[in-house]
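Residue-level structure breakdown
Next come the chains, spelled out residue by residue.
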2 protein chains.
Amino acid sequence: MRHIILTTLLLSCTVGVLAQPQEPRIEPDGRVTFVYADDTASIVQLKGSFIPKKKKIKTPAGTFGREQVYDMQRLPADSTTWTFTSEALPSEMYTYRFVVDGRPIADPANPCFVRDVKDTLSYFIIDGETGGYYMDRDVPHGKVERVWYPSTMNNMAQRRMTVYTPPTYDEAEQDSFPVLYLLHGSGGDETSWTDYGRAAQILDNMIAAGTIEPLIVVMPNGNASLDAAPGESPYQQSEPSALNITSMLGKIEYAFVPEVVGYVEQHYRARQSKAARAIAGLSLGGLQTIYISANNPDTFDYVGLFSAQTTNLLTSKRAKTISNIRNKAVNLMNMTGFQFDFLSGGKADKFSHVQIYEDFETKLAVQFHIKPYLYYIAVGEEDFVLKLNNDFRKKLDEKNYPYVYHPTDGAHTWENWRKYLVDFLPRLFKNE
Amino acid sequence: MRHIILTTLLLSCTVGVLAQPQEPRIEPDGRVTFVYADDTASIVQLKGSFIPKKKKIKTPAGTFGREQVYDMQRLPADSTTWTFTSEALPSEMYTYRFVVDGRPIADPANPCFVRDVKDTLSYFIIDGETGGYYMDRDVPHGKVERVWYPSTMNNMAQRRMTVYTPPTYDEAEQDSFPVLYLLHGSGGDETSWTDYGRAAQILDNMIAAGTIEPLIVVMPNGNASLDAAPGESPYQQSEPSALNITSMLGKIEYAFVPEVVGYVEQHYRARQSKAARAIAGLSLGGLQTIYISANNPDTFDYVGLFSAQTTNLLTSKRAKTISNIRNKAVNLMNMTGFQFDFLSGGKADKFSHVQIYEDFETKLAVQFHIKPYLYYIAVGEEDFVLKLNNDFRKKLDEKNYPYVYHPTDGAHTWENWRKYLVDFLPRLFKNE
């Protein structure tokens with residue numbers, strides 16, 4: 001490994017609208033110029049979250065946009081440099097990659113990237129109405145902790161969570177704080193909300209602006225078979241293709257209140273009342289949020305579903321066999337266009353926690369009899385879980401269970417999940 | 001952005017010697033098989049820290065190995081799959097990349113990577129004597145915190161540090177702990193020691209084994225012009241090429257004890273005595289360690305130089321002009337083979353802290369009169385700072401200043417810095 005001393009520049013990624021000596025270059029009018037140097041490439045293209053999706057593809061769940069790529073141009077004077085300048089972009093955090101002769105790569109000139117499952121995506125932020133929440137600003141910063149808590153799940157002794165404590169946490173030692181439990185989606189882990197989700201910046205900025213009161217935010221790892229992010233776990237994933245299915249067998253939901261909430265309320269100055277507890281999750285984390293809150297109707301006064309996957313694979317009739325799950329999974333796949341592999345065999349004690357999914361109608365009735373202060377559902381009109389959410393809302397409507405519905409444009413993306421967090425936070429802890 | 005739900009597998013990266021269903025595959029005998037799927041590549045090669053450096057290159061600082069690449073082979077039966085199987089590798093953490101038609105990329109099938117300046121390197125760990133320290137194990141884990149502390153440096157209000165607190169920190173609320181301040185090198189930041197350096201795993205494992213007593217480890221950002229890692233800083237780097245020079249103008253050293261040590265001893269249960277404070281740094285962080293400890297001879301009883309850059313660019317004769325620095329930088333570059341850009345203009349108040357470098361002989365005399373309990377110098381025989389370290393040791397020898405010298409094989413690499421940390425830790429806090 002070559003290590004060059006006294007060499008280049010670590011740069012900030014949260015660039016404003018002023019031109020900056022780094023890649024990509026953001027013009028004062030919001031246009032963005034990407035530059036890629038390569039002396040052997042034949043075709044260089046650009047792929048990014050700012051590129052409108054044009055071609056429509058039909059799936060059983062609806063018609064959605066397909067990703068487009070833009071061609072980059074060689075600079076006439078210098079045949080090894082490829083560039084592309086976008087139109088003026090609205091304020092947002094954007095991810096992108098170069099596609100070099102068909103192979104996607106992160107921008108080698110940009111030190112800012114996030115992990116998306118196993119991909120590395122470069123990113124930049126355009127300041128303003130939306131991106132302004134995600135920028136690092138010179139405001140008081142909370143602390144971000146990676147913490148291991150005891151767990152009995154899958155014979156792991158410990159699991160990892162990320163905890164945000166607000167800037168005043170250390171100063172005000174007599175104060176206690178309300179807590180939001182914030183869950184990631186499939187393919188994510190305990191680092192997703194702080195990395196891709198910019199949760200720490202959102203919280204710092206909203207607390208500094210006085211838009212929200214100081215709170216603790218807990219972001220645990222929601223994968224039943226993994227205790228921590230890649231590179232941070234002592235365990236092997238023995239059935240990788242079954243990973244997400246094993247996260248839908250009730251274990252996460254079953255252990256959540258005793259293990260996660262229990263640890264937090266023992267180790268942090270967390271206010272211990274229903275009115276001071278919120279839970280929200282995106283996608284798979286939304287599914288977990290539904291069942292954690294329904295199984296603990298006295299625990300959370302605030303429930304947030306962000307593009308929630310609303311259907312568990314086990315339904316209320318207890319599924320006892322793998323083939324049963326397989327059928328349900330195929331149905332879900334057909335309906336939504338989800339791509340996934342799943343259990344090809346084995347039964348084991350995987351179903352010891354499915355009671356978490358049983359008698360859901362009754363549990364929901366109890367939950368809404370006790371009444372959460374806020375039950376919040378946000379989903380985009382191009383999101384492939386839109387139909388699932390409509391079905392779920394119909395179920396709530398039939399029973400006259402009250403909820404706040406926050407429909408948006410857009411799809412199953414971090415752009416939406418960040419915005420949902422920004423929209424959700426000021427609604428919290430209003431009845432303490 | 002496409003986000004596939006219910007899809008693949010986040011895998012652990014700290015794989016043992018058992019074959020695992022992930023990339024790369026580690027055979028029971030320590031051979032490692034790399035697999036890369038690509039249907040358009042013409043040549044795929046492999047670059048990695050496990051590949052012996054063969055071709056020698058001469059520099060003014062000595063003769064060193066040059067990186068080699070290995071050719072990967074297409075699987076006969078499947079022309080889109082390229083593979084390479086290594087010889088049996090000794091226990092270690094290894095980084096690697098594929099070179100696809102000349103372009104280095106991280107392994108798309110391996111979710112474990114570290115940032116090296118702006119590159120993304122895939123990694124794997126082979127358990128055993130050396131790699132065993134870096135593996136995540138089912139032992140009690142300390143907490144890793146990202147913390148902002150107040151600073152007056154460069155008109156930044158706050159700077160970020162990483163703090164490791166040991167597993168017993170929360171339980172033993174009456175206890176206080178000794179502190180190691182651990183500094184990164186040029187191109188690094190406050191995340192380097194925990195990511196590339198595996199500091200949290202090393203500490204967890206050594207504390208669990210009883211090899212060391214519980215301690216706090218503080219890893220601040222040592223770049224004067226940057227307050228935090230890429231993506232975490234509100235500031236722009238206005239003179240990117242000057243970055244490392246501005247970190248060698250005394251500001252970091254000047255502010256270290258009042259700001260970093262001051263914050264830690266106010267906010268953590270840190271024992272506040274010379275015998276309970278250690279400081280160590282790699283490369284540029286080694287330079288900072290030399291001057292922080294010499295300017296505060298009463299503060300640290302343990303001083304560790306890991307492949308230290310031992311020469312400041314300003315010497316004891318105060319440099320008042322940029323051209324003066326430029327000349328010194330060119331000299332250093334010629335001697336060591338360092339590649340770097342530096343200040344092309346401007347003067348400003350950049351030199352307000354150079355007194356930290358002045359009268360070094362006198363300061364060193366005071367430091368060794370008071371006597372640190374341990375002054376530790378580790379460097380590899382192929383390291384391009386070897387000559388600088390030999391010169392520095394000659395200076396210590398001439399005055400009969402005692403130090404522990406830990407010469408090793410290897411070069412200016414994280415392999416060595418991790419090993420130096422493992423070697424250094426058990427030597428700490430023996431005179432409390």
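Attention in this report is confined to the structure presented alongside it. No experiment lies behind these values; they were computed from the predicted model shown.

Turning next to the sheet that holds strand β7 (residues 73-75) of chain B. Residues and elements named next belong to chain B. In spatial order, the strands read β1-β2-β8-β7; together these 4 strands make up an open sheet with antiparallel pairing. Two strands lie at the open edges of the sheet, namely β1 (25-26) and β7, each paired on one side alone. Note: β1 against strand β2 (residues 32-37), 2 bridges, orientation antiparallel. Across the sheet, I26 pairs through a bridge with V32, a residue of β2.

With that settled, consider the packing of helix α2 (residues 199-208) of chain B against helix α9 (residues 414-424) of chain B. Residue and element names in this part refer to chain B. The contact between α2 and α9 brings their axes to 11 Å, and the two run at 30 degrees. Compared by their axis directions, α2 and α9 come out roughly parallel. Considering only the axes of α2 and α9, their crossing is right-handed. Where α2 approaches α9, its residues A199, I202 and M206 are matched on the opposing element by R418, L421 and V422. Residues that form the contact of α2 with α9 fall into these classes: 5 nonpolar, no polar and 1 charged.

Let's shift gears to the sheet that holds strand β8 (residues 78-85) of chain A. Across the sheet, 4 strands lie side by side as β1-β2-β8-β7 (chain A); this open sheet has antiparallel pairing. Strands at the two margins of the open sheet, each flanked by one partner only, are β1 (25-26) and β7 (73-75) of chain A.

With that settled, consider the packing of aromatic side chains. By the definition in use, this model includes 58 aromatic pairs over all chains. Centre to centre, the rings of Y96 of chain A and F98 of chain A are 5.9 Å apart; their planes meet at 65 degrees, and the pair counts as edge-to-face. The pair formed by Y96 of chain A and F98 of chain A is uniform in burial state, with each residue classed as buried. Judged by centre distance (5.0 Å) and plane angle (85 degrees), the rings of W193 of chain A and W414 of chain A are edge-to-face. In this pair, W193 of chain A sits in helix α1 (residues 192-195) while W414 of chain A sits in helix α9 (residues 414-424), placing the two residues 221 residues apart along the sequence. What makes W414 of chain A buried here is its relative accessible area of 4%. What links up through ring pairs into an aromatic cluster is the set W193, Y196, F306, Y376, W414, W417, Y420 and F424 of chain A. The side chain of R393 of chain A reaches across the aromatic face of Y405 of chain A, ending 3.5 Å from its centre. Geometry around Y169 of chain B places R269 of chain B over its ring, the cationic atom sitting 4.1 Å from the centre.

Conventions we followed
- Residues numbered from 1 in each chain as written.
- Chains lettered and ligands numbered in written order.
- Predicted model: local features only at pLDDT ≥ 70, side-chain atom pairs only at ≥ 80, totals over all residues.
- Heavy atoms only, no water.
- Pairing = 2+ DSSP bridges.
- Helix = DSSP H or I, 4+ residues; strand = E, 2+ residues; numbered from the N terminus.
- Axes fitted to C-alpha atoms, helices over the stretch in contact; angles between N-to-C directions.
- Parallel < 35°, antiparallel > 145°, perpendicular 65-115°, else oblique.
- Left-handed = near helix turned anticlockwise from the far one by under 90°.
- Contact = heavy atoms within 4.5 Å.
- Nonpolar A, V, L, I, M, F, W, Y, C, P; charged D, E, K, R; others polar.
- Phe/Tyr/Trp six-rings, centres within 6.5 Å; stacked < 30°, edge-to-face > 60°.
- Buried < 20%, exposed > 50% of the residue type's maximum accessible area, 1.4 Å probe, protein only.
- Lys NZ or Arg CZ within 6 Å of the ring centre and 35° of its normal.

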